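# Remarks on the overall topology
Here is what each chain is made of, one letter per residue.
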Amino acid sequence: MSFSHRIPIPQGSQVSVSIGEEVRPDQELARRRNPIEPEIVPVAGPLRRRPEVAAGLLLRPPGAFVEAGEPIAQASDGRQVLSPVAGLLLAYSRVDGNAVISPLGPDEPILAHISGRVSAIDPTAITIEVQGAALDGVGGTGEAVHGELIVSVRDPGEELRAAAIDTGSTGKIVVGGSRASAETLTRARAMGVAGIVLGGVLDKELRDFAAIQRRRRDVGGLAGSFGLLLVEGFGKVGLDAGLFAWFERHSGHMASLFGAEHRLYVYDATRPPLRRSLPSLGDRVIAHRRPFQGRSGQLVGFVDGLHMTPSGILARTALVRFEDGRTTPVPLANLEATDRSESGSGD
Amino acid sequence: MTSVGSELALLVDVGSAWTKGTLISRVRGSWRIVAHGAQPTDWGDDELVRRLASALRPSADPRLARDLERLIAAAPRIECHTSVRPARLALASVSRDVSGAAARRAAESAGWLIVENASADDGRALTDRLVALQAAEVDAWLLSGGFEGAHADQALEMTALVAAARGDRREPVIWAGSSRLSHEVAGLFEPGAVSTVANPRPSPEREDPGPLRIYLEALLSRTVEPESARHLSPVSFRRALAQLSRETELRIMGIDLGARFATVVLADGRGEAESRVFARGGLTAAALTAPGGPGRVTRGMPEPIDELTVADTLQNLGARPATLPQTEEDLAVLHGAARHQLASVVADDLRADGIDLLVGAGRVMAAAPRPAMAAQMLIDGVRPLGVTALAIDGGALLGPLGSLEDGEIGEGMASLREDLLVPLGTAVICRGGRSGHVAMRVTLHRSGWPSIGPIEVRSGQLQIVPLGAGQFAELEISLEEGASLGTPRRSRRAWAEVSGGSVGVILDARGVPTSVPRRAEDRRAVLAAWRDAMLREPPQPAPRAR
């Protein structure tokens, strides 16, 4: 299975790879020097001109990159102002006659966090052709990360507890179950966990976790990257049993998690159980809205015409025999067909 | 029995979450809807055709029953669709709340999505601002700042920051700041990169976003699917309402509330229409799930649903917009979100005061279990002051019809006049009045029927008077001290011709905007009373006069 993955590259980055090159997750794709604390460079004073007059004597426009020692302004009498540093000329003030130059900090690598072959490079992004299995979630957050996949719950409906995160989880992508508290997520990040995959999470827990991260970032106590992928939905929602079995089977495989893009790649893996909208008779299905959110069963029939849901909305409706044996009508739009088990994934 | 032959046409509105298809055919000499279906967009075209065929089959000529799918697939198709992706903009301004706010409003109402909003007062360090701008993936850069005639250094500094961030990229740059700086701004970019547009905030007291919005609308149509601009839903919806307004000479406001987009159109009764398109104004808007969003939705709901449940439901709606609310709780949250979004998209510079007709479009209103729910979403969200007819675009016809060529829209709409809109009735909304006292007395006169009323409507109260679709009445409205219908005349007595619909005449003295108690239980009680008044089965009308 091959997928195209586009990695945005900020303006000003120097690309370190070429088209056709194979890259590893820990490989540098580009290098980038972020602007750092700007320096104030007097311009009007050294030129002995009034600030508004000196504005017309700038040799480089604000926004341009200047080298150290490069003249940035020159008067008709030959007086010059040289840039004391290499950096971006960000502004010139007509009030005080000073220029602002932001030097560039040390080189920082932009890591691939992904395995594959570079298929395209454009000014804004590098595209990687990925060989592996891809799983799309419905939500996520955080930076791109990579690591070994491990499963830290015994049951797809089990909550991922803080106690399940230990030193063995460091640098790994941890598969949890139906939810994780903000405390668990915070502990995971503090323990150096690369990322977490969950069936569901409460919006409040995610919000609390984000607030904790923000406070830690403000006080400078946040290090390393962390990503989170949500597979089924918000609330306490377990992973589908078939998908959970697939995760268990691929425990120990390398994976790349792109939380903001809601995507997980697993390498050397069979494909995950397929999901498909508009299920057919006999399909194994997963329901996605309350009161059956996250529950799976078999589609055993269709209701003729439109059926009124308990909310009063008329909808095309299927009859689903859930795994607890109950057969009940569910709007067809709320169902997804999925492979009967992970064994259906052949390639 | 419906005659099915070559005289079939398929009108399709492909939304980001739901696709609506309507099959029309000639029935006894006029074009009528013969089948309608709505389905998640990713179910695909074949399924829509199958669905329409199965809906049509019971009433179709049995000789054609086997051929229906082929006939529908081959029928002329009139289609509009939501754009594949929104156009993205980075905004740099001097002040987030002054020049930045004016530029942001103009850009968002033109359908752009602002992916980075930098201002000199945004609290970030200069370098953080620069890094954020460098990382932004955009289709255009918008710069704003400086009142007219002023030489704002900060505006030039923000411009330089954008020049540094943009580097050698070639996206267009729009300068919408002090015209005195235009030359200097242009000098910071390569020749031809900068377009200058009138300042949306020319002075501290004045905001004039119109020229910038119009410019950005044109740029957007060149940026996103330039070859099919007429078929983009926000454009076609506007064209359809402009035509409707031209034909009826009514002042019409239409709001299409979709999963991603919200479009507000105001047509002036002469066929001129302007619109505001919000790329993130629909039911999956980030604002609904951002901090404070679920709380605002919860506060507008009569149902005692806790904010955490509302937040999870809104997140799930965003994650899976093509699913349906199966429980009453989920439906309440969806409708609460719809009311909130309707209010937020009309809170800008397009006001609903004095309009003759308010049209709601979008799946959330068309699929509401009861017409009164759709009516409540409209009047609670939009609060049209005065006497306003209400209708919904139940068949999702306006968008596809608006995608026709200029010369064909009128003909298309005239052909489907009988089915075009689903009338809900008429809302009479007043503001003011003394709390707990009568705000207006309304008497409904119908030719050949006994008059109803005068009905006393107290300030803060809502009442429904049944008046069926196709029925008309004359309302005699007597306003008490302090109450107003928003008309320029100060007369305390007003007369209005009104039409009925599936809800009737809504007498609403809740004010504009409505005010509710701060205490949660009291607020819910008030909101529940309003909901119950809307949904209550109307009393049987008095017997017809002999």
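So, here's what we can say about the structure. (Residues numbered from 1 in each chain as written. Chains lettered and ligands numbered in written order. Predicted model: local features only at pLDDT ≥ 70, side-chain atom pairs only at ≥ 80, totals over all residues.)

### A few points about the overall build of chain B
- Scanning chain B for helices and strands turns up 17 helices and 23 strands.
- Expected size for 546 residues packed as a compact globule is a radius of gyration near 24 Å; at 25 Å, chain B falls within 12% of this value.
- Dimensions of chain B, computed from the C-alpha atoms along their principal axes, are close to 80 × 65 × 45 Å.
- Across the 546 residues of chain B, 55% fall into the buried class.
- Nonlocal contacts in chain B, meaning residues at least 24 apart in sequence, comprise 70% of its contacts between residues at least 6 apart. (Helix = DSSP H or I, 4+ residues; strand = E, 2+ residues; numbered from the N terminus. Rg over C-alpha atoms; globule rule 2.2 N^0.38 Å. Buried ≥ 20, exposed ≤ 12 C-beta atoms within 10 Å, placed from the backbone. Contact = placed C-beta atoms within 7 Å.)

### Some thoughts on the sheet that holds strand β20 (residues 472–479) of chain B
Residue and element names in this part refer to chain B.
- Sheet architecture is open: four strands sit in the order β18-β17-β20-β22, paired in antiparallel fashion. Each edge of the open sheet is held by one strand with a lone partner, namely β18 (449–458) and β22 (493–499). Strand-to-strand twist of the sheet, defined as the mean angle between neighbouring strand axes without regard to direction, takes the value 20°.
- With seven bridges connecting them, β20 and β22 associate as antiparallel partners. Note on β22: the bridge partner recorded for Leu 475 is Ala 496. (Pairing = 2+ DSSP bridges. Axes fitted to C-alpha atoms, helices over the stretch in contact; angles between N-to-C directions.)

### Regarding the packing of helix α3 (residues 182–190) of chain A against helix α4 (residues 203–218) of chain A
All names here are of chain A.
- At a minimum axis separation of 8 Å, α3 and α4 run at an interaxial angle of 40°. The pairing of α3 with α4 is recorded here as oblique in orientation. For the element pair α3 and α4, the recorded crossing hand is right-handed. Counting all contacts with α3, which are made through Ala 182, Leu 185 and Thr 186, the residues of α4 involved are Glu 205, Asp 208, Phe 209 and Ile 212.
- Residue composition of the contact of α3 with α4, grouped by class: four nonpolar, one polar and two charged. (Parallel < 35°, antiparallel > 145°, perpendicular 65-115°, else oblique. Left-handed = near helix turned anticlockwise from the far one by under 90°. Nonpolar A, V, L, I, M, F, W, Y, C, P; charged D, E, K, R; others polar.)

### Section: helix α17 (residues 520–535) of chain B
- Between its first and last C-alpha, α17 of chain B extends 22 Å over 16 residues, near the 22 Å set by a 1.5 Å rise per residue.
- Looking at the buried residues of α17 of chain B, the elements they touch are α14 (371–382) and β19 (462–465) of chain B. (Expected span 1.5 Å × (residues − 1).)

### Focus: the environment of Gly 78 of chain A
Residues and elements named next belong to chain A.
- With respect to the element layout, Gly 78 can be found in the loop between β7 (71–74) and β8 (80–82).
- By the C-beta count within 10 Å, which is 6 here, Gly 78 ends up exposed.
- With 238 residues separating them along the chain, Gly 78 and Arg 316 place their C-alpha atoms 82 Å apart.

### Side note on the nonpolar core
- Formed by 205 residues in total, the largest nonpolar core has its most connected members in Leu 143 and Leu 241 of chain B.
- Non-local contacts of Leu 143 of chain B, meaning those with residues more than four positions away in its chain, are made with Ala 92, Met 158, Thr 159, Val 162, Val 173, Ile 174, Trp 175, Ala 176, Gly 177 and Val 185 of chain B.
- Of all hydrophobic cores here, the second largest spans 55 residues; its members include Ala 30, Ala 144, Ala 180 and Phe 244 of chain A. (Core = buried A, V, L, I, M, F, W, Y, C linked by C-beta atoms within 7 Å.)

### As for helix α7 (residues 210–223) of chain B
Residues and elements named next belong to chain B.
- With 14 residues, α7 extends 20 Å from end C-alpha to end C-alpha; this agrees with the ideal 20 Å at 1.5 Å per step.
- Buried residues in α7 make contact with β5 (87–93), α3 (99–109), β6 (112–119) and β7 (140–144).
- Remark: Glu 225 follows α7 within two positions and exhibits a positive phi of approximately 45°.

### Brief notes about the pairing of strand β23 (residues 296–308) of chain A
All names here are of chain A.
- Where strand β22 (residues 284–287) meets β23, three bridges bridge the pair, whose relative direction is antiparallel. Each bridged residue has a counterpart across the sheet, and for Val 285 the counterpart in β23 is Gly 297.
- The sheet contact formed by β23 and strand β24 (residues 314–322) spans eight bridges and is antiparallel. Counted as the bridge partner of Gly 301 is Leu 319 from β24.
- Between β23 and β24, which pair antiparallel one after the other, the connecting turn spans five residues, and Gly 312 there sits at a positive phi close to 100°.

### Some points on the interface of chain B and chain A
- Each partner contributes residues to the interface: chain B has 43 residues there, and chain A has 45 residues.
- At the level of secondary structure, the elements contributing two or more residues to the side of chain B that touches chain A comprise α4 (126–135), α5 (153–166), α11 (307–319) and α12 (328–346) of chain B.
- Ranked by residue count, the leading element in the side of chain B that touches chain A is α5 of chain B, at eight residues.
- Class assignment for the residues of the side of chain B that touches chain A results in 22 nonpolar, nine polar and twelve charged.

### Thoughts on the environment of Leu 401 of chain B
- Looking at the element boundaries, Leu 401 of chain B is found in helix α15 (residues 398–402).
- For Leu 401 of chain B, a count of 27 C-beta atoms within 10 Å puts it in the buried group.

### So, the pairing of strand β18 (residues 227–234) of chain A
All names here are of chain A.
- Where burial is concerned, most of β18 is hidden: eight out of the eight residues are buried.
- Judged from the four bridges that link them, strand β14 (residues 139–142) and β18 form a sheet pairing that is antiparallel. Note that in β18 the partner of Gly 142 across the bridge is Gly 227.
- Of the strand pairs in this sheet, strand β17 (residues 195–201) and β18 are connected by six bridges, and their pairing is parallel. Paired with Val 201 across the strands is Phe 234, a residue of β18.

Just geometry here; none of it tells us what the structure is for.
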